[in-house]
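Spelled out from the first residue to the last, the chains are:
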Amino acid sequence: MVGMAADTEVVAEVSAPPMPRVPLLDAAHAPLTARPYFAGGDPGPIVAALASIPELLEVTLPFLSTVLNASAVDARTKEIVIVRTSARQDCRYCIDAHSVVALDTGLTVEEVRTLTAPGPVSLPDPDESALLDWIDAVAGAIGAVPDGVADRLAGSYRDFEIVELTLLIGATMMLNRFCTSLSLPTSAEVAARLAREGLA
Amino acid sequence: MTAIAEAVSSGELPGRVWMYSNYHCNLACSYCLTESGPGVTRRELTGERMIEVARDAAELGFTALGVTGGEPFLLQDMAHTLTELGSILPTIGLTNGTLFTGRRLAAAEEMAGTDVTLQISLDSADPDINDAARGPENFAKVIAAIPALVERGVTVRIATTGQDPDAVAAARLCALHRDLGVPDEDHVVRPIINRGRAAEAEMGVDVTESDLPAELTVTADGAFWSPFGPTVVAGQLDTDLLLTRTTVPLRVPAQTLLGLLQGRPAGADSTLNIR
């Protein structure tokens with residue numbers, strides 16, 4: 001939201017984040033095996049929530065880190081997948097957090113707006129548009145993915161890339177439902193950045 | 001031999017597994033780690049679950065059990081549960097000793113001659129000092145319960161919790177427990193730990209996991225590094241010494257505990273005489 005301050009300067013208003021539905025542990029309450037995740041400061045609400053079950057944290061985080069971070073698929077493509085999947089799942093936390101990551105990865109503000117828009121969207125690159133159709137069919141619908149959508153994806157990506165991209169969609173959907181259901185809050189830092197970029 | 005058994009055998013891993021049978025209590029001691037009292041959340045382990053944990057513990061190679069609370073004897077059939085546990089591994093049951101009258105005292109006889117020891121809290125030979133921390137008439141009830149249990153063949157030891165022990169007061173307490181039929185080797189003294197209600201009252205010594213024996217401790221909320229781990233402050237369970245939420249099979253938290261121990265630098269073992 002944008003409002004007018006008393007001195008007429010246009011400033012961004014950041015709405016209060018939702019209250020999480022579960023405790024988010026801080027470093028002082030982090031269980032023994034979770035402590036390394038807090039060593040560098042606030043690890044974010046996903047880790048802070050998962051830390052309540054350390055035996056799940058210690059297997060979930062390496063998995064998520066491997067799937068979400070640098071891999072054989074380039075970072076831009078991965079952020080397209082994550083932001084678009086999150087938009088189809090309407091996960092406020094994930095859209096916010098990964099809009100910032102997408103910008104940092106090199107996507108433009110306009111591209112992020114496109115990825116978060118409702119309804120069918122496309123990007124100029126035909127490979128990326130084929131991917132968007134695939135994401136919408138996987139994350140925005142239930143049941144079988146139409147053959148035509150799969151055929152177009154196969155024309156743009158290699159088999160192993162299709163496997164990884166589809167796993168990335170699935171992992172993102174898992175996080176989407178986790179974050180949305182538990183009402184995990186967007187950080188003030190991310191909210192401020194989105195406001196500055198006109199994406200709030 | 002399992003890795004756990006080897007670690008227990010070598011002394012790397014303490015042999016006792018503790019279980020919090022419950023968190024509610026008929027007392028509300030000033031230094032209680034768990035903020036136990038009459039109205040608190042029970043966080044109860046069933047007798048069946050405790051026996052399941054005990055069997056797991058024996059199979060893994062642990063050598064002893066402990067049951068604490070809360071006041072375990074607020075639970076029905078605790079004497080029978082402890083007897084069952086004692087048939088699996090030698091067992092210590094911690095109790096405030098105030099409930100051993102009538103049916104509970106009669107039921108306690110089942111533990112006579114078994115591998116069960118009751119550890120009863122008694123902080124001072126001075127009733128006023130003892131009762132200031134543990135509640136009205138605590139001293140009188142404990143003094144009556146100990147010989148009654150001993151007479152019935154139940155093995156009893158006494159635990160004293162306190163700050164800055166005074167030599168004269170300690171001598172009086174030892175004379176008292178000898179009179180009650182409890183020998184010196186069955187009297188343990190331990191410091192107040194600055195957790196739970198003691199932390200809110202700014203009592204006791206500060207500890208980290210390296211100060212506490214790594215005794216695997218099972219509760220209804222998960223498994224912890226030590227029986228001093230699953231403490232409660234302002235009604236909230238402390239999680240800093242949480243190992244896993246999974247408690248059965250016991251190998252899950254046991255392996256986590258062993259992994260942490262094996263990752264600790266040499267010499268980083270217990271520095272406080274805490275039992």
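In this report, the structure presented in the accompanying data block is examined. Position numbers for residues start from 1 in each chain and track the written sequence from start to end. Following the order in which they are written, the chains are lettered starting with A and the ligands numbered starting with 1. Note on the predicted model: pLDDT of at least 70 is required for a residue's local features to be given, and 80 or more for side-chain atom pairs to be given and counted; whole-chain, interface and lining totals, by contrast, use all residues. Side-chain metrics in this entry use all non-hydrogen atoms of the structure; hydrogen atoms and water are not considered.

Looking at the overall build of chain B
The test is simple: To qualify as a helix, a DSSP run of H or I must reach at least 4 residues; to qualify as a strand, a run of E must reach at least 2; elements of each kind are numbered from the N terminus. Throughout, radius of gyration means the C-alpha value; the globule benchmark is 2.2 Å times the number of residues raised to the power 0.38. A simple rule labels every residue: compare its accessible area, found with a 1.4 Å probe on the protein chains alone, to the largest value its type can have, and call it buried under 20%, exposed over 50%, or partly exposed in between. Two residues qualify as a contact provided that any one of their heavy atoms is within 4.5 Å of a heavy atom in the partner residue. The method behind every accessible area is Shrake-Rupley, applied with a 1.4 Å probe, and residues are considered shielded solely by the protein chains displayed.
Secondary structure assignment for chain B yields nine helices and eleven strands. On C-alpha atoms alone, chain B measures out to a radius of gyration of 18 Å, which is about the 19 Å that the 2.2 N^0.38 rule sets for 275 residues. Taken across its 275 residues, chain B has 55% of its residues classed as buried. In chain B, the proportion of contacts linking residues at least 24 apart, taken out of those at least 6 apart, comes to 72%. When the accessible surface of chain B is split by element, carbon and sulfur atoms take 50% of a total near 11400 Å².

Regarding the interface of chain B and chain A
Basically, it comes down to this: Take the accessible area each of two parts loses on contact, using a 1.4 Å probe, and add the two losses: that sum is the buried area. A side-chain nitrogen of Lys or Arg and a carboxyl oxygen of Asp or Glu constitute a salt bridge if their distance falls within 4 Å. We define a polar contact as two N or O atoms separated by no more than 3.5 Å, with the added condition that, inside protein, one atom must be a possible hydrogen donor and the other a possible acceptor, whereas residues neighbouring each other in sequence contribute only through side-chain atom pairs. Ten residues, namely Ala, Val, Leu, Ile, Met, Phe, Trp, Tyr, Cys and Pro, are considered nonpolar, four, namely Asp, Glu, Lys and Arg, are considered charged, and the remaining ones, Gly among them, are considered polar.
At the interface, 13 residues of chain B touch 13 residues of chain A. When chain B packs against chain A, the two sides together hide about 990 Å² of surface, and 54% of this comes from carbon and sulfur. When the buried area of chain B at its contact with chain A is split by residue, B:Thr239, B:Asp240 and B:Arg245 rank highest and sum to 43% of it. The interface formed by chain B and chain A holds one salt bridge in total. With its nearest N and O atoms 2.9 Å apart, the salt bridge here joins A:Arg35 to B:Glu209. At the boundary of chain B and chain A, one finds six residue pairs in polar contact (both at pLDDT 80 or more). Listed by contribution, the elements that provide at least two residues to the side of chain B that touches chain A are β11 (242–244) and α9 (251–263) of chain B. With three residues, β11(B) is the largest single contributor of residues to the side of chain B that touches chain A. Partitioning the side of chain B that touches chain A into residue classes produces five nonpolar, four polar and four charged.

Describing the packing of aromatic side chains
Residues and elements named next belong to chain B. For clarity, the threshold we go by: Two aromatic rings from Phe, Tyr or Trp, using only the six-membered ring of Trp, form a pair when their centres are within 6.5 Å; if the ring planes differ by under 30 degrees the pair is stacked, by over 60 it is edge-to-face, and anything between is tilted. Put simply, a charge is over a ring when the Lys NZ or the Arg CZ is close to the ring centre, within 6 Å, and near the line of the ring normal, within 35 degrees.
Summed over the entire model, instances satisfying the criterion amount to two aromatic pairs over all chains. When the ring centre of tryptophan 18 is taken as origin, the NZ or CZ atom of arginine 16, which lies over that ring, is 5.8 Å away. When the ring centre of tyrosine 23 is taken as reference, the NZ or CZ atom of arginine 43 above it lies at 5.3 Å.

Here's the deal with α9(B)
Spelled out, the test is: The span one expects for a helix is its residue count, reduced by one, times 1.5 Å.
The terminal C-alpha atoms of α9(B) lie 18 Å apart, and with 13 residues this matches the ideal 18 Å at 1.5 Å per residue to within 8%. Looking only at α9(B), the buried set comprises B:Pro253, B:Ala254, B:Thr256, B:Leu257, B:Leu258 and B:Leu261. Packed against the buried residues of α9(B) are α3 (54–68) of chain A together with α1 (3–10), α2 (47–60), β8 (222–224) and β11 of chain B.

Overview of the pattern of salt bridges
Summed over all chains, the structure comprises 19 salt bridges over all chains. The residue A:Arg76 makes a salt bridge to A:Glu128 at a minimum N-O spacing of 2.7 Å. One end of the pair, A:Arg76, is in helix α4 (residues 75–89); the other, A:Glu128, is in helix α7 (residues 126–139), with 52 residues separating them in the sequence. Note on A:Glu128: relative accessible area 9%, which makes it buried. Between B:Asp221 and B:Arg43 there is a salt bridge, with its nearest N and O atoms 3.0 Å apart. Residue B:Asp221 is located in the loop between β7 (217–219) and β8, and its partner B:Arg43 is located in the loop between β1 (16–20) and α2; the two are separated by 178 residues in the primary sequence. Several salt bridges share partner residues, and in doing so they unite A:Arg76, A:Glu111 and A:Glu128 into one network.

Remarks on the packing of α7(A) against helix α8 (residues 147–156) of chain A
Helix-helix packing is described using two parameters, namely the angle between the two axes and the distance between the axes. Residue and element names in this part refer to chain A. So the rule is basically this: Here the axes come from fitting lines to C-alpha atoms, over the contacting stretch only for helices, and the angles between their N-to-C directions go from 0 to 180 degrees. Reported orientations rely on four angle classes, namely roughly parallel under 35 degrees, roughly antiparallel over 145, roughly perpendicular from 65 to 115, and oblique for the rest. Each crossing is labelled by how the near helix is turned from the far one, with a counterclockwise turn of less than a right angle marking it left-handed and a clockwise turn marking it right-handed.
Between α7 and α8, the least distance of the axes is 9 Å, while the angle of their chain directions is 140°. One way to sum up the angle between α7 and α8 is to call them oblique. The two elements α7 and α8 cross, and the hand of that crossing is left-handed. Only Val149, Ala150, Arg152, Leu153 and Ser156 of α8 make contact with α7, whose side of the interface consists of Pro126, Asp127, Ala130, Leu131, Asp133, Trp134 and Ala137. Partitioning the contact of α7 with α8 into residue classes produces eight nonpolar, one polar and three charged.

Some remarks on unusual backbone geometry
Residues and elements named next belong to chain B. Cis geometry marks the peptide bond from glycine 69 to glycine 70, where omega comes out at 25°. Locating glycine 70 in the fold gives a position in the loop between β2 (64–68) and α3 (78–88). Look at the link from valine 248 to proline 249: it is a cis peptide, with omega at 5°. By the element assignment, proline 249 lies in the loop between β11 and α9. Within the chain, arginine 43 stands out as a residue other than glycine whose phi angle is a positive 45°. A positive phi angle, close to 65°, is found at aspartate 77, a residue other than glycine.

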